[in-house]
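Structural characterization, general
Listed below, chain by chain, are the residues.
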Amino acid sequence: MGAGDSRRALRRPPSLLLLPPLCLLCLGASGERYSNHPHRSPFPLEEAASVQGVRGGSVELACGSPPAPLVVFWSFTPLGSRIPRPVAVTSGAEFEVEAGASALGTVSLRNSSLVLGELREAARGHFLCQALHATGGRLHTAYSHFSLAVLVPVSKPQVQLSEPSPVEGASVVATCTVREGTEPVTFAWKHQAPRGREEAPVGVTERGLLLDPVNRTHLGWYVCSAHNAVNQLSSDGAFLDVIYGPDKPVITMEPPGFTEEGFWASEKEEVTLSCLAASNPPSHYVWLRDHTQVHTGPTYTIARASRAHTGLYTCLAHNSRLDTRTQTAIQLSIYYPPEGQPSCAVLPAPGAVTLVCAWPGGLPAARLQWEGPQGTGPAAPSNVTWSHPATQLPNGSVFTCTGQHPALARPAACRTALWEPLRSPACWTVATSGEQFITLSCEWAGGEPPALLSWLDGQQQPLGSSSASPAVHLLPARGDLAGRAFTCQGTHPLRVPGPHCRLQLEAPQLAVATARVSVLEGEEAWLRCALLGGTPPAHLLWLGPQRQLLEPGDSGFMLHPEGSQLHLSILSADPARHRGTYQCVARNAVGNSSGSILLEVLRYPAPPNVTISRLTYGRHRREVQLQWAVAGPGNLTGFLVQRRAGAPGPGAAAWETAAGDIEPESRARRLGGLDPGVLYAFRILALNHRTAGHPSEGKIPADPPFSAYPAVLGAAGTGMVVATVASLLVFQYAARHPETFPRLRPLLVPTEQSHPHRGSAEGPEVQAGTGTPPAAPGSDPAQESTDAPVNVTITVTATP
C-alpha cells in the first residue's frame with residue numbers, strides 16, 4: 001500500500017489504531033507465560049525465525065497463519081537495544097506506518113505481512129508481530145518473532161603492490177582491499193603472463209600475496225577476486241614489472257649450419273645471425289666482427305655471403321636499467337659446394353656399358369662414389385667412371401652416384417637404371433599439312449641407355465642413319481607408294497637380337513550405313529559414314545548434291561565426328577534444297593575413296609480443297625469476316641489465309657500471309673488491320689504439315705447486307721416535305737413572274753388582262769421580248785423588276 005493509501009486510512013483519529021496494540025501489551029494476564037528476566041522484553045518466550053536480506057533488496061515477514069487477525073501490530077528492536085519501536089499497525093480496513101520506520105527501508109503491509117523494500121543496514125535486529133484473534137467469543141494474542149540479518153555485497157577489490165617494478169631477487173607484497181562487504185570475505189589470486197592467454201590461479205586465499213624472492217616468472221598481471229555470501233567481484237589487473245638480466249646471449253643462424261668452432265654458411269646466400277639475451281627491459285645489442293663493430297640490433301643479416309665474411313662474430317648485450325653487460329662469440333665460415341647436382345650418364349659400347357659420374361667445382365671438392373647391385377664401386381673427387389660388361393648386368397640394374405660436401409646438409413646423388421625398352425618399337429605414319437609429304441615415325445620408349453632406331457625400305461636398305469627414339473623419316477607423297485612396306489629396326493645392349501616394327505602404306509576405305517535414306521518433309525535426316533582403314537590416317541568429308549563441300553557452319557547441316565565415323569544430319573529436310581545424292585569421301589596422302597547415299601525427302605499427302613463461302617467487310621472496311629468450307633476427305637493440320645492488294649489481273653501484288661496457325665477445326669476467321677482505301681483480295685489454303693493444298697479462288701470482300709426499308713421510309717418522308725416546300729416556292733415565283741409560266745397565267749392573273757391569241761407557245765417570247773407584263777394588284781413594279789430568278793437545290797440523304 002502506498003503513501004496515498006496510508007493517508008486515506010488515517011482519516012480516522014490515529015488513537016483508534018494505536019489503542020488495540022496498547023491493549024495487546026496487557027493481554028499477558030490471560031494466562032500467557034512471560035519472562036521475568038529484567039533485561040528481556042516482557043513478551044511471551046518464542047523461538048525467533050532467522051531471516052536474511054540483502055541491502056537494497058526486499059524481504060517479507062509473514063505474521064501467523066489463518067484466520068486473519070483482528071489487529072496486527074509490528075515492532076522492531078535494533079541490535080544492542082532492549083527497547084522495541086513501533087513499525088506498523090493494521091486492523092484490516094485501516095493501517096498506519098510509523099514515520100520513523102523509513103530508516104529500515106520502504107515499509108508496507110500486505111495483509112498482515114510486513115514488507116521491507118530497499119532494505120537498509122539499520123534493519124538489522126528483531127521484529128515482533130502481535131496478532132489479536134477472536135475465537136469462540138474470546139480474544140487471544142499470537143506472537144511471531146523474526147531475527148533479520150542484512151547482508152552487504154562486497155565492493156570491487158583494489159590491488160596494491162608494495163613495489164611495481166622490483167629487481168629480480170627482491171621481496172614484493174600484493175594486497176587486496178575491499179571497501180565494504182559482510183564477513184566472511186574470501187579472496188583468490190590469479191596471475192597472467194604478458195604473453196599468456198589465460199589467467200592461472202596462484203593458490204593463495206589470503207588478502208595479501210607475498211612474493212619472496214621475486215623472479216622473472218612473477219612478471220605479469222595480478223587479479224584479486226573477493227566474494228561473500230552475496231556476490232563476487234574481481235579487481236582490475238595490476239602489472240608487476242620484474243627487472244632482470246641480461247643473461248648470457250645465445251647466437252643462432254638462419255639457415256643453420258654448424259661446425260666445431262661455430263657456424264658455416266653457403267656462399268652467395270642470405271645469412272641471418274640472431275642474438276637473444278633474456279632481459280627486462282630488453283637488451284641493447286652490438287655486433288663485432290674480429291673486434292670491429294659492424295651492426296647494432298638483435299639480428300645481423302648478410303645479404304650475400306662471401307668468403308670475406310669469414311671471421312669471429314661477438315654479440316654484446318646491455319641492460320640500460322641495471323647497467324649490466326654480457327657477451328658471446330662464435331666463428332663463421334663460408335663454404336660453397338659444386339653447382340647443381342651430380343650428373344650420371346650411361347654410354348653404350350659394344351657388349352658393355354660405361355657409367356660416368358661428374359660434379360666439378362666446390363670448396364672443398366665433392367667426393368663422388370658409385371654403388372651398384374654387385375657392391376660399392378670406385379670413388380674419386382669431382383669425377384668417377386665405372387665400366388661393366390653388358391652380359392653380366394641383369395635388366396633393371398640400378399647404379400647410384402653419391403656426392404658429399406660439407407656445405408650440404410645431406411648427400412646429393414644421381415641414379416641411373418639399366419633396362420631395356422618395354423615391348424617393341426611402335427611405327428606410325430602421318431601426312432604433313434597439304435599432304436605433300438609422308439612422315440614415317442618409329443618410337444621405342446624408355447631404356448637406359450636409350451635404344452637406337454633405323455628405317456629400312458622393302459629391300460632392307462637403310463633410309464638415313466640410326467638415331468635415338470623417336471626416329472622420323474620423310475617421304476614425298478606419291479600415288480605409287482600405296483602397298484609399299486617399311487621396317488623400323490631397334491638395337492639395345494641388353495636385348496639381343498633387336499626387335500622391329502613394320503608398316504604398309506594403304507589407300508583409305510570407307511562404308512556407308514545405307515545407300516538410300518527417306519524422310520518426310522520437315523524431319524531430320526541422318527547420313528552415316530565409317531572409315532574402315534588407311535595408312536597414313538585418312539580424314540572424312542561430306543559433299544552435297546551439287547558436289548559442294550559441307551562445312552560444320554553450313555545452315556541446315558551438322559557434322560557429328562565419332563572416332564573413325566563422320567555422320568551428317570540434315571535439319572528440317574526440304575525437298576527443294578536437300579533432296580539428292582550425298583557423297584562421303586575418305587582421303588589420305590596415297591589415295592582416296594567415296595560412298596554415295598541418295599536422300600529422298602517425301603511430302604505429306606495433299607490436304608482437301610477449300611472454298612470461300614462468305615467474305616464480307618466489317619464496319620468502316622477495316623476488317624473482314626471470312627468463312628470457308630472443306631471439300632472432300634483428307635488429312636488436315638491447319639489453314640493458311642493469304643491476301644493481296646489490288647484487283648486480280650496482271651498488275652496485282654503478290655500474295656502475302658494474312659493469318660497462319662489456324663486450327664484444323666476452325667471454319668471462320670476475322671481478319672483486321674486493313675486500309676479502307678485499298679481494295680483487297682483473299683484466298684485460303686488447307687495445310688497437311690508442310691504440304692499445302694490447292695488454293696481457293698481469290699475473292700474480293702463484299703459490303704455488308706443493306707436494309708432498305710428504314711432508308712425508304714426516311715427518304716419518302718423527307719421527299720414529301722422537300723416537295724411541298726419546292727411547290728410553294730415555284731407557285732410564288734410563278735405568281736410574281738406569270739410570263740415565265742403562260743399556262744398558269746389564267747389561274748394566277750384575271751381574264752381581262754390576258755390576250756386571247758392562239759399560239760400560246762409564242763406568247764411568252766413576244767411578251768418577254770416586247771413588253772412588260774402588268775403587275776399584280778398591290779405589287780410594286782420596281783420591286784418586281786429587281787427580283788432575281790429563284791434556284792432550288794434538293795438533296796436527299798438516306799442513312800441505313
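Residues numbered from 1 in each chain as written. Predicted model: local features only at pLDDT ≥ 70, side-chain atom pairs only at ≥ 80, totals over all residues. Heavy atoms only, no water.

**Topic: the overall build of the protein chain**
Along the backbone of the protein chain there are seven helices and 55 strands. The burial tally for the protein chain puts 36% of its 800 residues in the buried class. Residue pairs in contact within the protein chain that sit at least 24 positions apart in sequence constitute 60% of those at least 6 positions apart. (Helix = DSSP H or I, 4+ residues; strand = E, 2+ residues; numbered from the N terminus. Buried < 20%, exposed > 50% of the residue type's maximum accessible area, 1.4 Å probe, protein only. Contact = heavy atoms within 4.5 Å.)

**Notes on the sheet that holds strand 23 (residues 299-302)**
Sheet architecture is open: three strands sit in the order 18-20-23, paired in antiparallel fashion. Taken across any chain shown, the strands that pair with only one partner, and hence form the sheet edges, are strand 18 (250-254) and strand 23. With direction set aside, neighbouring strand axes in the sheet form an average angle of 15°. Bridging between strand 20 (residues 271-276) and strand 23 involves four bridges; their strand directions are antiparallel. Looking at the pairing, Leu273 lines up with Tyr300 of strand 23. (Pairing = 2+ DSSP bridges. Axes fitted to C-alpha atoms, helices over the stretch in contact; angles between N-to-C directions.)

**Some details on a nonpolar patch on the surface**
The grouping of Val721, Val725 and Leu729 at the surface amounts to a nonpolar patch, some 240 Å² of accessible area in total. As for its position among the elements, Leu729 is in helix 4 (residues 708-736). For Leu729, a relative accessible area of 34% gives the class partly exposed. (Patch = residues over 30% accessible without salt bridge, like charges linked within 9 Å, V, L, I, M, F, W, Y side chains within 5 Å. Areas by Shrake-Rupley, 256 points an atom, 1.4 Å probe, with all protein chains shown as cover. Salt bridge = Lys/Arg side-chain N within 4 Å of Asp/Glu carboxyl O.)

**What to know about the nonpolar core**
General note: in soluble globular proteins, nonpolar side chains tend to be found buried as a group. Counting residues in hydrophobic clusters, the biggest one holds 23 residues, and the most contacted among them are Trp74, Val87, Leu114, Leu116, Leu119, Phe127 and Leu148. For this core, the secondary structure elements donating two or more residues are strand 2 (59-61), strand 3 (71-78), strand 4 (85-90), strand 6 (106-110), strand 7 (113-117), strand 8 (125-135) and strand 9 (138-151). When neighbours within four sequence positions are excluded, Val87 is seen to be in contact with Trp74, Ser75, Phe76, Glu96, Val97, Glu98, Ala101, Leu104, Val107 and Leu114. With 22 residues, the next largest nonpolar core counts Val519, Leu531, Ala538 and Leu540 among its residues. (Core = buried A, V, L, I, M, F, W, Y, C linked by side-chain atoms within 4.5 Å.)

**A closer look at the packing of aromatic side chains**
All chains considered together, the criterion is met by 11 aromatic pairs. Judged by centre distance (5.4 Å) and plane angle (45°), the ring pair of Phe258 and Phe263 falls under tilted. Taken together, a centroid distance of 5.3 Å and an interplanar angle of 55° make the contact between Trp628 and Phe639 tilted. With Trp628 in strand 50 (residues 624-631) and Phe639 in strand 51 (residues 638-645), the pair connects residues that are 11 residues apart, well separated along the chain. (Phe/Tyr/Trp six-rings, centres within 6.5 Å; stacked < 30°, edge-to-face > 60°.)

**Some points on unusual backbone geometry**
Note the cis peptide between Glu183 and Pro184, where omega equals 0°. With respect to the helices and strands, Pro184 occurs in the loop between strand 11 (172-177) and strand 12 (186-192). In this chain, Asp212 is followed by Pro213 through a cis amide linkage whose omega measures -5°.

**Regarding the state of the cysteines**
As enumerated under the stated definition, the model contains eight disulfides in all. Shown here is the disulfide that connects Cys275 with Cys315, its sulfur atoms set 1.9 Å apart. Because the torsion about its S-S bond is -95°, the bridge between Cys275 and Cys315 counts as left-handed. With Cys275 in strand 20 and Cys315 in strand 24 (residues 311-319), this residue pair connects regions lying 40 residues apart in the sequence. Note on accessibility: Cys275 and Cys315 belong to one class, buried. Between the sulfur atoms of Cys344 and its disulfide partner Cys414 the distance amounts to 1.7 Å. Across the S-S bond linking Cys344 and Cys414, the dihedral sits near 70°, which makes this disulfide right-handed. Taken as a pair, Cys344 in strand 26 (residues 343-349) and Cys414 in strand 32 (residues 412-418) lie far apart in primary sequence, 70 residues in all. For Cys344, a relative accessible area of 23% puts it in the partly exposed group. (Disulfide = S-S within 2.5 Å.)

**Looking at the side chain of Ser696**
With respect to the helices and strands, the residue Ser696 is situated in the loop between strand 55 (691-692) and helix 4. You can call Ser696 buried: its relative accessible area is 6%. Leave out the neighbours within four places in its chain, and Ser696 touches Val610, Thr611, Ile612, Arg683 and Ile684.

**Examining the pattern of salt bridges**
Evaluation of the coordinates by the stated rule reveals 17 salt bridges. Residue Glu180 pairs with Arg179 through a salt bridge whose shortest N-O separation is 3.4 Å. Taking the relative accessible area as the measure of exposure, Arg179 reaches 67% and is therefore exposed. Notably, a salt bridge pairs Glu623 with Arg670, separated by 2.8 Å at the nearest N-O pair. Taken together, the residues span a long stretch of sequence, with Glu623 in the loop between strand 49 (609-617) and strand 50 and Arg670 in strand 53 (residues 668-671) at a distance of 47 residues. For Arg670, a relative accessible area of 54% corresponds to the exposed category. Through salt bridges with shared partners, one network takes in Arg55, Glu121, Arg124, Arg179 and Glu180.

**A short note on the environment of Trp287**
As for its position among the elements, Trp287 is in strand 21 (residues 284-289). Spatially, the C-alpha atoms of Trp287 and Cys315 are 4.9 Å apart, while their sequence positions differ by 28 residues.

**Remarks on the pairing of strand 7**
In terms of residue burial, strand 7 counts as a mostly covered element, since five of its five residues are buried. Here strand 7 shows no split at all, with Ser113, Val115 and Gly117 on one side and Leu114 and Leu116 on the other all buried. With three bridges joining them, strand 2 and strand 7 adopt antiparallel strand pairing. Residue pairing across strands places Glu60 opposite Val115, the latter belonging to strand 7. Judged from the five bridges that link them, strand 6 and strand 7 form a sheet pairing that is antiparallel. Within the sheet, the bridge partner assigned to Thr106 lies in strand 7 and is Gly117. Counted between consecutive antiparallel strands, the loop separating strand 6 from strand 7 contains two residues, among which Asn111 sits at a positive phi close to 60°.

**Observations regarding the environment of Glu506**
Looking at the secondary structure, you find Glu506 in strand 40 (residues 506-512). Under the relative-accessibility criterion, Glu506 is labelled partly exposed at 35%. Between the C-alpha atoms of Glu506 and Pro537, which are 31 residues apart in sequence, the distance is 9.2 Å. Every residue in contact with Glu506, bar those within four places of it in the chain, is listed here: Gly534, Thr535, Pro536, Asn588 and Val590. Here the side chain of Glu506 touches Gln504 through a polar contact of 3.2 Å, side chain to side chain. (Polar contact = N/O pair within 3.5 Å; in protein donor to acceptor, adjacent residues only side chain to side chain.)

**Side note on the pairing of strand 12**
Burial along strand 12 is one-sided: Phe187, Trp189 and His191 are buried, and none of Thr186, Ala188, Lys190 and Gln192, which face the opposite way, are. By the bridge criterion, two bridges tie strand 12 to strand 13 (residues 200-201) in an arrangement that is antiparallel. For His191, the partnering residue across the bridge sits in strand 13 and is Ala200.

**Some remarks on the sheet that holds strand 7**
With respect to topology, three strands assemble into an open sheet ordered 2-7-6, the strand pairing being antiparallel. In the strand order of this sheet, the two ends are held by strand 2 and strand 6, each with one partner. Neighbour-to-neighbour, the strand axes of the sheet open up by a mean angle of 25°, direction not taken into account.

**What to know about the environment of Val624**
Tracing the sequence through the fold places Val624 in strand 50. Given the relative accessible area of 1%, Val624 is considered buried.

**With respect to the confidence of the model for the protein chain**
Residue-level pLDDT values for the protein chain average 82, and 84% of them are 70 or greater. The element-level mean pLDDT for the protein chain is lowest in helix 6 (residues 763-770), coming to 32, with strand 21 highest at 96. Throughout residues 1-45 the model reports pLDDT below 50, and contacts reaching past four residues in sequence, or to other chains, amount to 54 contacts. Here residues 751-800 is modelled with pLDDT under 50, and outside its nearest four sequence neighbours on either side it reaches 27 contacts, counting other chains as well. (pLDDT = per-residue confidence, 0-100.)

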